[in-house]
Amino acid sequence: MATTPDPWGTIHRERRALLADVEGLTPGQWATPSLCVGRTVQDTLAHMAATARMTPAGFFLKLARSGFRFEAMTAREIAELTAGTPADTLDAFRARLDSVSHPPGPVDSWLGETVVHAEDIRRPLGIVRAYPTEALTRLADFYRRSNLIVGGKRRAAGLTLRATDADWTAGTGPEVRGPILALLLAVTGRRIAHGELEGEGTPTLTGRG
């Protein structure tokens, strides 16, 4: 499968699309739990803004200040960017729409950060987005081969993943079929609506947490 070597154009477009979807949220919607366990919609957008302003050097400095505890560092970043109103968090995200700053790691991590966290926000709010198929298949390939942060390789191990809306199949073993977005979310540990995936391997994939 051919993929665009540099995904930053897609990242920037997807940030702008997400901004358009959340600019009109009510206070109650901002407080809605996202698909990220323990985080609200506002928290998740704050995390995206924090990542988009991070540099490799800044990442290691902040990690050291947090006692080399990744979750503690992330929580501090979110707390900083949610200390004001949702409008303040929105402004912080808006200021980084075209940023190419990021923590250390492969560039596909930041494409994934943008797409997967956007779904973490959109799904609980009932907002539907048609992402570029190329980006979704690229990310599905990336996460099923990597245990970096989200443990996608562990979840996909020993399974055949087959997209029903894209020309994409990967792996061997009991099959899991469904839309490429649902497969991507399942591999990254997100909750999938009942019926989105089917096949004998589905309970194994969705049960791996």
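Here, the structure is the one placed above.
Residues numbered from 1 in each chain as written. Predicted model: local features only at pLDDT ≥ 70, side-chain atom pairs only at ≥ 80, totals over all residues. Heavy atoms only, no water.

(A) Fine view of the pairing of strand β1 (residues 160–163). Bridge count for β1 against strand β3 (residues 175–178) is four bridges, and the pairing is parallel. Residue pairing in the sheet places Leu161 in a bridge with Val176 of β3. As judged from the two bridges shared by β1 and strand β2 (residues 169–170), these two strands associate in the antiparallel manner. Pairing of Leu161 across the sheet is with Ala170, part of β2. Between the antiparallel neighbours β1 and β2 lie five residues. (Pairing = 2+ DSSP bridges. Helix = DSSP H or I, 4+ residues; strand = E, 2+ residues; numbered from the N terminus.)

(B) Here's a closer look at the pattern of salt bridges. Enumeration over the complete set of coordinates arrives at 16 salt bridges. Measuring nitrogen to oxygen at the nearest pair gives 3.2 Å for the salt bridge that ties Glu80 to Arg53. You can see Glu80 sitting in helix α5 (residues 70–81) and its partner Arg53 sitting in helix α3 (residues 41–53), a full 27 residues away along the chain. (Salt bridge = Lys/Arg side-chain N within 4 Å of Asp/Glu carboxyl O.)

(C) Region of interest: the packing of helix α1 (residues 8–22) against helix α6 (residues 86–94). Taken N-terminus to C-terminus, the directions of α1 and α6 make an angle of 160°; their axes are 11 Å apart at the nearest point. The angle between α1 and α6 falls in the class roughly antiparallel. Relative to α6, α1 is oriented so that their crossing is left-handed. Between α1 and α6, the residues in contact are Arg15, Leu18, Leu19 and Val22 and Leu90, Phe93 and Arg94, respectively. (Axes fitted to C-alpha atoms, helices over the stretch in contact; angles between N-to-C directions. Parallel < 35°, antiparallel > 145°, perpendicular 65-115°, else oblique. Left-handed = near helix turned anticlockwise from the far one by under 90°. Contact = heavy atoms within 4.5 Å.)

(D) Seen up close, helix α7 (residues 107–125). When the terminal C-alpha atoms of α7 are compared, their 28 Å separation across 19 residues agrees well with the 27 Å that a helix rising 1.5 Å per residue should span. At the C-terminal side of α7, Gly126 shows a positive phi close to 75°. (Expected span 1.5 Å × (residues − 1).)

(E) Examining the side chain of Thr188 more closely. Along the chain, Thr188 falls in the loop between α10 (180–187) and α11 (202–207). According to the relative accessible area criterion, Thr188 is buried, its value standing at 4%. A distance of 3.0 Å separates the side chain of Thr188 from the backbone oxygen of Leu185, its partner in a polar contact. (Buried < 20%, exposed > 50% of the residue type's maximum accessible area, 1.4 Å probe, protein only. Polar contact = N/O pair within 3.5 Å; in protein donor to acceptor, adjacent residues only side chain to side chain.)

(F) Fine view of the sheet that holds β2. Taken together, three strands build an open sheet; the order of strands is β2-β1-β3 and the sheet is mixed. Edge positions in the sheet fall to β2 and β3, since each has one partner strand and no second. Against the sheet, α10 engages β1 and β3, with an angle of about 145° to β1.

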